[in-house]
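Spelled out, the chains give:
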Amino acid sequence: MISVDQEVELAARESYGRLLAWLTSRCGSISLAEDALAEALSAAVKRWPETGVPDNTEAWLLTVARRRLIDEQRRQGRHADAETKLATAEKIRLTIAATEASETPFGAGLPERRLELLFTCAHPDIPDGMRTPLMLQTVLGLTAEQIGSAMMVAPATIGQRLVRVKRRIADKGIPFRIPPDEELPERLAHVLDAVYAAYGVGYDDADDASGAAAGLAGEAIWLAGLLVQLLPDEAEPKGLYALLCLSEARRPARRDDKGRFVPLEEQDTSRWDPALIESGEIALWRAARQQQSGRFQIEASIQSMHAHRARTGVIDWEAIGSAYHLLMNTYPTLGAAIGYAASLGRVGEVAEGLVVLDDLDADRVARYQPYWAVRGWLHAEAGQRIAAVDAYDQAIGLTADDAVREWLLERRALAAGD
Amino acid sequence: MQVMMLIQETPEDFAARTGPAANAYWEKWMAYSSTLGDKVVGGNILGDGGTGVTITVRDGERQIQDGPYADSKESLGGYMIFEVESMDEAIEMAATCPAAASARVELRPTVDMAANA
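Residues numbered from 1 in each chain as written. Chains lettered and ligands numbered in written order. Predicted model: local features only at pLDDT ≥ 70, side-chain atom pairs only at ≥ 80, totals over all residues.

(A) Looking closely at the overall build of chain A. Check the secondary structure of chain A and you find 22 helices and zero strands. Out of the 418 residues belonging to chain A, those deemed buried represent 46%. Restricting to contacts in chain A with at least 6 residues of sequence separation, those with at least 24 account for 64%. (Helix = DSSP H or I, 4+ residues; strand = E, 2+ residues; numbered from the N terminus. Buried ≥ 20, exposed ≤ 12 C-beta atoms within 10 Å, placed from the backbone. Contact = placed C-beta atoms within 7 Å.)

Next up, the structure:
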């Protein structure tokens, strides 16, 4: 038996983004739509225990939220003299909203406007670091506490920044629409980046267990799946979806029975989630058939090669190295370069691997844990004890996860020869 | 800006400082400090709560007690002062502190009296 509070939460989880997207498309303001939806949700908490949970919770929430929007329009109308030019524009949109409010959106279900919302959240005029938080808040309805914990920002700070960024959307008149075809690939890349950032905040090397600890893995996979569904003609959403499924499939194997960290190449493949691997492989295969290459498809193919070990028992480091090399040259990221350096080490080209690391910008890698972990390993393989210990020290100091820290301490001890 | 990180540790953490796990304990802390560089402008390691004394004066009446005031399992094990650009930067630095995984750390910006004058 689930309580009314849980019913509200369930309705919110399933409908939040859909309702918010639809309301925003009507009034043109994310903040106004959020306020109206928040009021509808709190009305539900008050009323449903008395009246019972309605059959169509989404329709109920939408009706109440729409009424709030219209009330707000009337209220703003009374203070018209003091309103700014912007608010006048808002009022005009609201008038349109009020007119349209008579159309009922529940014939063939609520019209799908979440894609517009996603593109608005990842608009180039929105600062890089705010795209993911905005998406998490508007499409998934996550709280400032949840977003702040994942993004390593104080909740009050992230709340203020979200308010500012929504004001910026209104001030800049960022349109609520799907970009035209010629802009689509670039704009889509921003959307995908923001979803990917939600999966492994701070660690763009999916080989590392620590990134997934952020706790938003499920949300990110859900968003990637939504993009696959909303943009069937694009291959990259499938690439991202495949990458996330294949990485997530390994979560149960990242710790052994004693809670110790297990690196990817030593994981017990029987602990990998076969259903997630299959979902990933299917998505990757479908993406490949569309013959549009892209960053996430290459990354997913690397993860797929690791997944093959479950059947073949071996890891084809040559092939993984080639894929990282391609990735590094076409879509350069720190993660790609570090992956390439590590795969060089795996095929005995330790010195070459260290050269790849040396070529990276020192400021960018200074606080990047995977860089130091791979560097420590390569130095250890090369028999350079002191350099290995120094690099491992940096990696240990930059690790938040206790199990990974313990594992690195063991590697460090081995490298030091104690 | 300066931010103080108050480092709470568990009784097990305090015990680890001198016991058989001392090497691993200090290695973690040394490794952590080495990633902070010149961002750390002050700090100290404190003896466990039992080594301290709490003093209160109420209506002129003085009370001196052994140990920390609060009888919680965790107690202050040390502090660091960071010189940083923002709280965001301090949070990133605090997130990898070993005590954040075993107990907890708290960040407080210092109050700049000169700026208030």
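(B) Layout of the overall build of chain B. Regarding its fold elements, chain B presents five helices and six strands. From first element to last, N terminus to C terminus, chain B shows the α and β order β-α-α-β-β-β-β-α-α-β-α. Seen along its three principal axes, the alpha-carbon backbone of chain B occupies a region of about 50 × 45 × 20 Å. The contacts in chain B between residues at least 6 apart in sequence include a share of 74% that link residues at least 24 apart.

(C) Focus on the packing of helix H17 (residues 334-346) of chain A against helix H18 (residues 350-358) of chain A. Residues and elements named next belong to chain A. Close contact between H17 and H18 brings their axes to 7 Å; oriented N to C, the two are set at 165 degrees. In terms of orientation, H17 and H18 fall into the roughly antiparallel class. The chirality of how H17 crosses H18 is left-handed. The residues of H18 that touch H17, namely those facing Ala337, Tyr340, Ala341, Ala342, Leu344 and Gly345, are Val350, Glu352, Gly353, Val356 and Leu357. Of the residues contributing to the contact of H17 with H18, the split by class is eight nonpolar, two polar and one charged. (Axes fitted to C-alpha atoms, helices over the stretch in contact; angles between N-to-C directions. Parallel < 35°, antiparallel > 145°, perpendicular 65-115°, else oblique. Left-handed = near helix turned anticlockwise from the far one by under 90°. Nonpolar A, V, L, I, M, F, W, Y, C, P; charged D, E, K, R; others polar.)

(D) The arrangement of the sheet that holds strand S2 (residues 40-45) of chain B in detail. Residue and element names in this part refer to chain B. Strand order in the open sheet made by the four strands is S2-S5-S1-S6, with antiparallel pairing throughout. Across the chains shown, the open sheet's two edge strands, defined by having one partner strand only, are S2 and strand S6 (104-109). Within this sheet the neighbouring strands show an average axis-to-axis angle of 20 degrees, counted without direction. As judged from the six bridges shared by strand S1 (residues 2-9) and S6, these two strands associate in the antiparallel manner. The partner of Leu6 across the bridge, within S6, is Glu106. Of the strands in this sheet, S1, strand S5 (75-83) and S6 are in contact with helix H3 (residues 87-95), which crosses S6 at around 160 degrees. (Pairing = 2+ DSSP bridges.)

(E) Local environment of the nonpolar core. Residues and elements named next belong to chain A. Counting 130 residues, the largest nonpolar core has Leu23, Val195, Ala224 and Ala341 as its most contacted members. It is helix H9 (residues 184-199) that provides the largest number of residues to this core, a total of nine residues. If we skip the residues at most four places from it in the chain, Val195 touches Ala220, Leu223, Ala224, Leu227 and Leu240. (Core = buried A, V, L, I, M, F, W, Y, C linked by C-beta atoms within 7 Å.)

(F) Layout of the pairing of S5 of chain B. All names here are of chain B. Bridge count for S1 against S5 is eight bridges, and the pairing is antiparallel. Within S5, the position partnered with Met4 by the bridge is Ile81. Looking at chain direction, S2 and S5 are connected through five bridges and run antiparallel. The residue of S5 that forms the bridge with Gly42 is Ile81.

(G) Layout of the confidence of the model for chain B. On average, residues of chain B score 90 in pLDDT, and 97% of them are at 70 or above. Note on the complex model: pTM 0.83, ipTM 0.84. (pLDDT = per-residue confidence, 0-100.)

(H) Just the pairing of strand S4 (residues 61-66) of chain B, in detail. Residue and element names in this part refer to chain B. Counting buried positions along S4 gives zero out of six residues, so the element sits mostly on the surface. Judged from the six bridges that link them, strand S3 (residues 53-58) and S4 form a sheet pairing that is antiparallel. Bridged to Thr56 within S4 is Gln63. Counting the residues in the hairpin turn of S3 and S4 gives two residues, including Asp59, whose phi is positive at 50 degrees.

(I) Region of the structure containing the interface of chain B and chain A. Across the contact, 14 residues belong to chain B and 15 residues belong to chain A. Within the residue set of the side of chain B that touches chain A, elements represented by two or more residues are helix H2 (22-34) and H3 of chain B.

(J) A look at the environment of Ala403 of chain A. All names here are of chain A. Relative to the assigned elements, Ala403 resides in helix H22 (residues 402-416). Taking the number of C-beta atoms within 10 Å as the measure of exposure, Ala403 has 20 and is therefore buried. With 224 residues separating them along the chain, Ala403 and Pro179 place their C-alpha atoms 44 Å apart.

(K) Looking closely at helix H21 (residues 385-397) of chain A. Taking 1.5 Å of rise per residue, the 13 residues of H21 of chain A would be expected to cover 18 Å, and the 18 Å separating its terminal C-alpha atoms lies within 8% of that figure. Buried residues of H21 of chain A: Ala388, Val389, Ala391, Tyr392, Asp393, Gln394, Ala395, Ile396 and Gly397 of chain A, and no others. Elements that come into contact with the buried residues of H21 of chain A comprise helix H20 (369-381) and H22 of chain A together with H2 of chain B. (Expected span 1.5 Å × (residues − 1).)

(L) Just helix H16 (residues 317-330) of chain A, in detail. Residues and elements named next belong to chain A. The end-to-end C-alpha separation of H16 is 20 Å, in line with the 20 Å expected for 14 residues at 1.5 Å each. Among the residues of H16, Ile320, Gly321, Ala323, Tyr324, Leu327 and Met328 are the ones counted as buried. Relative to the axis of H16, the buried residues are bounded by an arc of 165 degrees and lie together on one face. Turned more than 90 degrees away from the buried face of H16 sit Glu318, Asn329 and Thr330, all of them exposed. Tucked inside the fold, the buried residues of H16 contact helix H14 (295-307) and H17. (Arc of directions from axis to C-beta.)

(M) Seen up close, unusual backbone geometry. Residues and elements named next belong to chain A. One non-glycine residue, Met152, lies in the positive phi region at around 60 degrees. Mapped onto the secondary structure, Met152 falls in the loop between helix H7 (144-151) and helix H8 (155-172). On the neighbour-count criterion, Met152 (16 C-beta atoms within 10 Å) is partly exposed.

(N) Looking closely at the packing of helix H12 (residues 236-248) of chain A against H14 of chain A. Residues and elements named next belong to chain A. The geometry of H12 relative to H14 is characterised by a closest axis approach of 8 Å and an angle of 30 degrees between their N-to-C directions. Here H14 runs roughly parallel to H12, going by the angle between their axes. Note that H12 runs across H14; the crossing there is left-handed. Between H12, through Glu236, Gly239, Leu240, Ala242, Leu243, Leu246 and Ser247, and H14, the contact on the second element is made entirely by Phe296, Gln297, Glu299, Ala300, Gln303, Ser304 and Ala307. Of the residues contributing to the contact of H12 with H14, the split by class is seven nonpolar, five polar and two charged.

(O) Representation of the environment of Leu36 of chain B within the structure. Looking at the element boundaries, Leu36 of chain B is found in the loop between H2 and S2. The exposure class of Leu36 of chain B is partly exposed, given the 17 C-beta atoms found within 10 Å.

(P) Geometry of the confidence of the model for chain A. Residue and element names in this part refer to chain A. Across chain A, pLDDT averages 86, with 86% of residues at or above 70. Averaged over each element, pLDDT in chain A is lowest for helix H10 (residues 209-212) (42) and highest for H18 (97). Note that pLDDT drops below 50 for residues 98-108; the model gives that stretch nine contacts with residues more than four away or on any other chain. Contacts of residues 202-214 to residues separated by more than four positions or lying in other chains number 37 contacts, the stretch itself having pLDDT below 50.

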